[in-house]
Amino acid sequence: MRPGPPLMPLSPVQNKTTAAILALEQFQLRYPGADHWTLNGLDLSIKSGEHLALVGPSGCGKSTVARAALQLLPAGTECQGELLLNGQDPRQLNRGDLRRLRGESVGLVFQDPMTRLNPLMTVGHHLIDTLSAHQSHQPTAEQREQACALLETVGIGADRFNAYPHEFSGGMRQRLAIALAIALKPPLVIADEPTTSLDVAVANQVMAELRQLCDDLGSALLLISHDLAMAHRWCDRMAVLDGGRVVEEASSTAVLTHPQSAIGQRLVAAAREREGSQSPECPDAAPLLQVEELRCWHNLGGAPWAPRWLKAVDGVSFALKAGESLGVVGGSGCGKSTLCRALMGLNSIRGGQVWLDGANLLGQRGAKERKLRRSIQMVFQDPLACLNPAMRVGDAIADPLLIHGLCSPAAARERARELLELVGLTPAEQFQNRLPRQLSGGQQQRVAIARALALEPKVLICDESVSMLDAEIQADVLTLLRSLQSRLGLAMVFITHDLSVASGFCHQVIVLDQGRIVEQGAGDQLLNQPQAAITQKLVEACPRLPAA
């Protein structure tokens, strides 16, 4: 490996932090066109071998810290104060030296690896591309050998060298992201919400692997997360951000048992409220949605007389009443999302029956089917990805009404304002003309919920709809959903990888494994007395807050 540029003389920041790998002192950052500082007087340092969790509410500046350290910032961003990464100020480096610093001094694990991987490159060539960019003198054969070793290290296996990212599960893609981050053995690894889209069992495996690799390399770990319990499990120290500055910093246990700052107290209270919730009582009503022996099989090829099938959903049955919430949990690949798509008509169904308010949903065609399917709507995991970035939120909410020809443009806009008020975005006039990117994560999810309610559905499917939100906003959105359910009589199918969330929010919970229901019952019962092996695994992997 080529030697890096000579270290700059120690600054006062380094002296105070004993040559910290990453050190920021009175650091300020303002994005182009913004009227406020996103980071405002930030003091933060992490030394070699430390594990530091950076937590805080949405919009507090957590991810901006990572972008600032690597200078992954839009042109025109204003930065002030001290910033040192492995002894160098990345703001003072030319493009070539900065590119080398990013790989050799710090590795970054992103939230969604699929958006950072090239779909046209094999996983092996992703690693070779990284190695060759920093070790151009190394023979190709040695780079390939090193890439294979990295795949083995993160539990993928060298035999998958020629696989493509889309052939991997979410957990496998995140393992590849970790391999890319540690490829050059950097002294600092930054993991920005690395487990948000993973089920708790896979998330536990990924974080255990990342922590162990950092320990083996002697690398510091900066974990950016909204999940307080997960941050406590894997990091010894915790810093709480609010308004662009650290308002509290101590051991993870101290922060979670005796939070000193106002925002720390609110976040911990919200997290404890979620953990302490009990399953609500089930309403007494006739079933609104009945699913009987539903099967979604995917043909994997083979001879016509002996086809090979992937049984993604294999004989699932349940009944859901108006005003009732059904939690669906399970490991990655268990069939949760396939079940969602089947109910929405987005996946082909090989067998079974679906009855909605007494009508055979699968037996309808044409206008009758479209009218019936309006009664089932969906709230997705990532609201920013499902909202048109060029469409103002008022128009996005009104759009379904216009698509189905249910009212005039003027009436649709008025209904959009009513829905904004309904989901707590008040006054509506302040929000209707904004673009999705001008809203916080919680506000974006409220817009997505309002859009789903535009067609007055009877069944609302929520697919990981709170997994990307911090504890406080997650609690707000869950409270909103419960209020809407009570007010509108909605039946909800609540897909989640977090059994503790399902336990507190849902009347009943089913656990899927390999496309089948292996356990069902009240959420608190499954959380406290799991019977099936996969349920026990999910409970064991689920991080919990330390006792206060």
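Here is what the cut-offs are and how they apply
Residues numbered from 1 in each chain as written. Predicted model: local features only at pLDDT ≥ 70, side-chain atom pairs only at ≥ 80, totals over all residues. Heavy atoms only, no water. pLDDT = per-residue confidence, 0-100. Contact = heavy atoms within 4.5 Å. Core = buried A, V, L, I, M, F, W, Y, C linked by side-chain atoms within 4.5 Å. Buried < 20%, exposed > 50% of the residue type's maximum accessible area, 1.4 Å probe, protein only. Helix = DSSP H or I, 4+ residues; strand = E, 2+ residues; numbered from the N terminus. Pairing = 2+ DSSP bridges. Axes fitted to C-alpha atoms, helices over the stretch in contact; angles between N-to-C directions. Salt bridge = Lys/Arg side-chain N within 4 Å of Asp/Glu carboxyl O. Expected span 1.5 Å × (residues − 1). Phe/Tyr/Trp six-rings, centres within 6.5 Å; stacked < 30°, edge-to-face > 60°. Polar contact = N/O pair within 3.5 Å; in protein donor to acceptor, adjacent residues only side chain to side chain.

Turning next to the confidence of the model for the protein chain. Per-residue confidence for the protein chain gives a mean pLDDT of 88; residues scoring 70 or more make up 96%. Here residues 1–17 scores under 50 on pLDDT; set against residues more than four positions off or in separate chains, the count is 34 contacts.

So, on to the nonpolar core. Residues Ile178, Leu210 and Leu228 are the most contacted members of the largest nonpolar core, which totals 56 residues. If sequence neighbours within four positions are ignored, Leu210 has contacts with Ile178, Val189, Ala191 and Leu221. Leu387, Ala416, Cys462 and Cys506 belong to the second largest nonpolar core, which has 53 residues in total.

Moving on, we get to the environment of Ala19. Following the sequence through the fold, Ala19 ends up in the loop between α1 (12–17) and β1 (22–30). Judged by relative accessible area, Ala19 falls into the partly exposed class, the value being 45%. Measuring from C-alpha to C-alpha, the distance between Ala19 and Gly87 comes to 7.3 Å, with 68 residues separating the pair along the chain.

So, on to the environment of Asp470. Structurally, Asp470 is set in the loop between β16 (459–463) and α17 (471–488). Residues Asp470 and Ser58, 412 residues apart in the sequence, show an inter-C-alpha distance of 6.4 Å. When residues no more than four places from it in sequence are discounted, the contact partners of Asp470 are Gly56, Pro57, Ser58, His226 and Leu267.

The subject of this paragraph is the sheet that holds β1. Taken in spatial order, the three strands line up as β2-β1-β4 in an open sheet, and their pairing is antiparallel. Looking at the sheet topology across the chains shown, the edges are occupied by β2 (39–46) and β4 (78–85). On average, each strand axis in the sheet is tilted by 15° relative to the strand beside it, whichever way the strands run.

Moving on, we get to the pattern of salt bridges. For the structure shown, the criterion picks out 14 salt bridges. One salt bridge connects Arg30 with Glu78, and the closest N-O pair in it is separated by 3.1 Å. In this pair, Arg30 is assigned in strand β1 and Glu78 in strand β4, connecting sequence segments 48 residues apart. A relative accessible area of 23% places Arg30 in the partly exposed class. Across the pair Arg451 and Asp399 runs a salt bridge, and its minimum N-O distance is 3.7 Å. With Arg451 in helix α16 (residues 441–453) and Asp399 in helix α14 (residues 393–403), this residue pair connects regions lying 52 residues apart in the sequence. Several salt bridges converge on common partners, so that one network encompasses Glu50, Arg237 and Glu249.

Each α-helix turn comprises 3.6 residues. Residues three or four places apart therefore point the same way. The end-to-end C-alpha separation of helix α4 (residues 123–134) is 18 Å, in line with the 16 Å expected for twelve residues at 1.5 Å each. The secondary structure elements touched by the buried residues of α4 are α3 (95–104), α5 (140–153) and α6 (170–182).

Let us look at unusual backbone geometry. In this structure, Pro427 follows Thr426 across a cis peptide bond, with omega equal to -15°. You can see Pro427 is positioned in the loop between α15 (409–422) and α16. Phi is positive for Asn86, which is not a glycine, with a value near 55°. Although it is not a glycine, Glu293 adopts a positive phi angle of roughly 50°. Examined against the element boundaries, Glu293 turns out to sit in strand β10 (residues 287–303).

Evaluated as defined, the whole model comprises two aromatic pairs. Residues Trp297 and Trp309 carry aromatic rings whose centres are separated by 5.9 Å and whose planes lie at 55° to one another, so their mutual orientation is tilted. Pair noted here: Trp297 is in strand β10 and Trp309 is in strand β11 (residues 306–321), with a separation of twelve residues, a long-range link. On the basis of relative accessibility, which here comes to 28%, the residue Trp309 falls in the partly exposed class. Taking the centre distance of 4.8 Å and the plane angle of 40° together, the rings of Phe494 and Phe505 count as tilted. Placement of the pair is Phe494 in strand β17 (residues 491–495) and Phe505 in helix α18 (residues 499–505), with a sequence separation of eleven residues.

Bringing the sheet that holds strand β15 (residues 376–379) into the picture now. Ordered by their spatial adjacency, six strands build an open sheet running β15-β16-β17-β12-β18-β19, and the pairing between neighbours is mixed. Each end of this open sheet is capped by a strand with a single partner; those strands are β15 and β19 (516–521). Going across the sheet, the axis of each strand differs from the next one's by a mean of 20°, ignoring polarity. Note: β15 against β16, four bridges, orientation parallel. Considered in β16, the bridge of Ile376 is made with Val459.

By the element assignment, Ser500 lies in helix α18. For Ser500, the side chain forms a polar contact with the side chain of Asp498, separated by 2.5 Å. The residues touching Ser500, leaving out its near neighbours within four places in the chain, are Arg274, Leu527 and Cys542.

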